[in-house]
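The residues making up each chain are set out below.
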Amino acid sequence: METQTSKTIGGYFQLSLEQGKEYYPDLIKLNTSRNALEYILIVKGYTKIYLPYFTCEVLLEPIVRLNIKYQFYNINKELEPIIDFEIGPTECLLYTNYFGLTQKTVKKLSESIDNLIVDNAQAFFSKPLQGTDTFYSCRKFFGVSDGAYLQINIDDRLVLEKDSSADRLRHLIGSIDYGIENNYADFLDNEESLKDNYIKSMSLLTQALLRNVNYRECKRKRIENFRYLNDKLFLANELEIAFQDGIPAMVYPLLISKKGIKAKLIEKKIFVPTYWPNVFKWTTEDMFEHRLAKRTIYLPVDQRYNVSDMAYIVDFLKKII
Ligand SMILES: Cc1ncc(COP(=O)(O)O)c(C=O)c1O
């Protein structure tokens, strides 16, 4: 007898969402980007990974779980890797596309390094280069609780259970009623809940939410906000990087040696993150990576804001720098 999964008709309404399109509908959809890294490490069978001191420590989760050797490397003032080691045939190099601003370096590396893995967790809008293993993390750019995309350059696929995100929405929806600050603990709970999970495929809920994003508008606003901040702040910025115009970056990085700026911004309720607290454990004060973590202010440029919000930030900054 033929079995048929019957379609549900009627009943109550689900959350009303647009039926748009994901930005990377054809990539592999996973629960987190650290697990996208695990996926690559398993499928490719790498025995050692080189990764930057300047990155997020959750990337060690899969490396430790799979018991793979790892070695940190330094980056230079242009945020490019300093490769003073040999990458063996079963070894790989992970490079972070910093804030979406280092796609040129990604391109250069892809031409010279065979076993390259590109971490685009901070570079959602940087398209993957053909043939280069690349992953993305969705919640760094949009209001979702989890989700990652992966491009991998071989056909082998892992069979995965599907993730579910219905219990992870408290901080996303609670903050609409009660404000961002009042649900910060729920945000931290969500981050905690993503630790040490199995590789799963992206939940249907996260996919549905990602189909609801106006990507074109997100890009436009990020480009406009970044341009404004760079116009007003590049003379004060101690980073020696010529930012390319027209990039929908994650944040605007502003390196200022003067102490206490971050605390004053936070006091003014301009919340700026630290990328990344673990870098203080891994580096010494004389290292550039340490300055990037300690003295660089990562200003928001995302789609929630417009140029008048940027002007508000700049006006305040000018008083304290
Ligand atoms: C550069 C970078 N890569 C990867 C990750 C891990 O992303 P996920 O939380 O989706 O595993 C993070 C932070 O969480 C990150 O900052």
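Above this note sits the structure.
This is a predicted model, so every value here is computed, not measured.

**Things to note about the packing of aromatic side chains**
And then number 1: Under the counting rule described, the total for this entry stands at 34 aromatic pairs.
And then number 2: Between Phe141 and Phe142 the ring centres are 6.1 Å apart and the planes differ by 45 degrees, which places this aromatic pair in the tilted class.
And then number 3: Judged by relative accessible area, which is 3%, Phe141 ranks as buried.
And then number 4: Three or more aromatic residues link up through ring pairs in this structure, and these residues are Tyr23, Tyr24, Phe124, Phe125, Tyr136, Phe141, Phe142, Tyr149 and Tyr215.
And then number 5: Across from the ring centre of Phe288, 5.5 Å away, lies the NZ or CZ of Lys77, which sits over that ring.
And then number 6: When the ring centre of Phe280 is taken as reference, the NZ or CZ atom of Lys294 above it lies at 5.7 Å.

**Describing the nonpolar core**
And then number 1: Of all hydrophobic cores here, the largest spans 67 residues; its most connected members are Phe54, Phe124, Leu265 and Leu299.
And then number 2: For this core, the element with the most residues is helix α11 (residues 307–320), which contributes six residues.
And then number 3: Both domains that furnish three or more residues to this core are identified here as domain 1 (28–210) and domain 2 (215–320).
And then number 4: Non-local contacts of Phe124, meaning those with residues more than four positions away in its chain, are made with Tyr23, Tyr24, Tyr136, Cys138, Phe141, Phe142, Tyr149 and Tyr215.
And then number 5: Membership of the second largest hydrophobic core comes to 27 residues, among which are Tyr39, Ile49, Ala148 and Trp282.

**A few points about the side chain of Ser33**
And then number 1: Tracing the sequence through the fold places Ser33 in helix α1 (residues 33–44).
And then number 2: Once residues lying within four places of it in the same chain are set aside, the contact partners of Ser33 are Ala121, Phe135, Tyr136, Ser137 and Ala148.

**Here's the deal with unusual backbone geometry**
And then number 1: Put simply, Tyr275 and Trp276 share a cis peptide bond, and its omega is -10 degrees.
And then number 2: Mapped onto the fold, Trp276 is located in the loop between α8 (261–267) and α9 (277–282).
And then number 3: The backbone phi angle of Phe99 is positive, close to 60 degrees, even though this residue is not glycine.
And then number 4: In this structure, Lys269 takes a positive phi of about 65 degrees despite not being glycine.
And then number 5: Its place among the elements puts Lys269 in the loop between α8 and α9.

**Re the site of the ligand**
And then number 1: Taken together, the neighbourhood of the ligand is formed by 14 residues, with Ser33, Arg34, Asp119, Ser137 and Arg139 sitting nearest.
And then number 2: Between the ligand and Ser137 there is a distance of 2.8 Å, counted from an oxygen atom to a side-chain nitrogen or oxygen.
And then number 3: Contact distances for the ligand include 2.7 Å between an oxygen atom and a side-chain N or O atom of Arg139.
And then number 4: With the chains in place, 97% of the 390 Å² that the ligand exposes on its own is no longer accessible.
And then number 5: Across the shell around the ligand, the residue classes break down as five nonpolar, five polar and four charged.

**Focus on the packing of helix α7 (residues 215–233) against α11**
And then number 1: Relative to each other, α7 and α11 sit at 25 degrees, their axes nearing to 9 Å. In terms of axis orientation, α7 runs roughly parallel to α11. Both α7 and α11 take part in a crossing whose hand is right-handed. Within the contact between the two elements, α7 uses Glu224, Asn225, Tyr228, Leu229, Lys232 and Leu233 and α11 uses Val307, Met310, Ala311, Val314, Leu317 and Lys318.

**Brief notes about the pattern of salt bridges**
And then number 1: One pass over the structure, following the stated rule, counts 20 salt bridges.
And then number 2: The salt bridge partner of Arg220 is Glu224, with a shortest N-O separation of 3.3 Å. Placement of the pair is Arg220 and Glu224 together in helix α7, with a separation of four residues, close to one helical turn.
And then number 3: Relative accessible area serves as the criterion here: at 40%, Arg220 is assigned to the partly exposed category.
And then number 4: The partly exposed category is assigned to Glu224, whose relative accessible area is 33%.
And then number 5: A salt bridge links Asp302 to Arg304; the nearest nitrogen and oxygen atoms lie 2.7 Å apart.
And then number 6: By relative accessible area, Arg304 is classed as exposed at 56%.

Definitions and limits used
- Residues numbered from 1 in each chain as written.
- Predicted model: local features only at pLDDT ≥ 70, side-chain atom pairs only at ≥ 80, totals over all residues.
- Heavy atoms only, no water.
- Phe/Tyr/Trp six-rings, centres within 6.5 Å; stacked < 30°, edge-to-face > 60°.
- Buried < 20%, exposed > 50% of the residue type's maximum accessible area, 1.4 Å probe, protein only.
- Lys NZ or Arg CZ within 6 Å of the ring centre and 35° of its normal.
- Core = buried A, V, L, I, M, F, W, Y, C linked by side-chain atoms within 4.5 Å.
- Helix = DSSP H or I, 4+ residues; strand = E, 2+ residues; numbered from the N terminus.
- Domains from an automatic or database assignment.
- Contact = heavy atoms within 4.5 Å.
- Near = heavy atom within 4 Å.
- Polar contact = N/O pair within 3.5 Å; in protein donor to acceptor, adjacent residues only side chain to side chain.
- Areas by Shrake-Rupley, 256 points an atom, 1.4 Å probe, with all protein chains shown as cover.
- Nonpolar A, V, L, I, M, F, W, Y, C, P; charged D, E, K, R; others polar.
- Axes fitted to C-alpha atoms, helices over the stretch in contact; angles between N-to-C directions.
- Parallel < 35°, antiparallel > 145°, perpendicular 65-115°, else oblique.
- Left-handed = near helix turned anticlockwise from the far one by under 90°.
- Salt bridge = Lys/Arg side-chain N within 4 Å of Asp/Glu carboxyl O.

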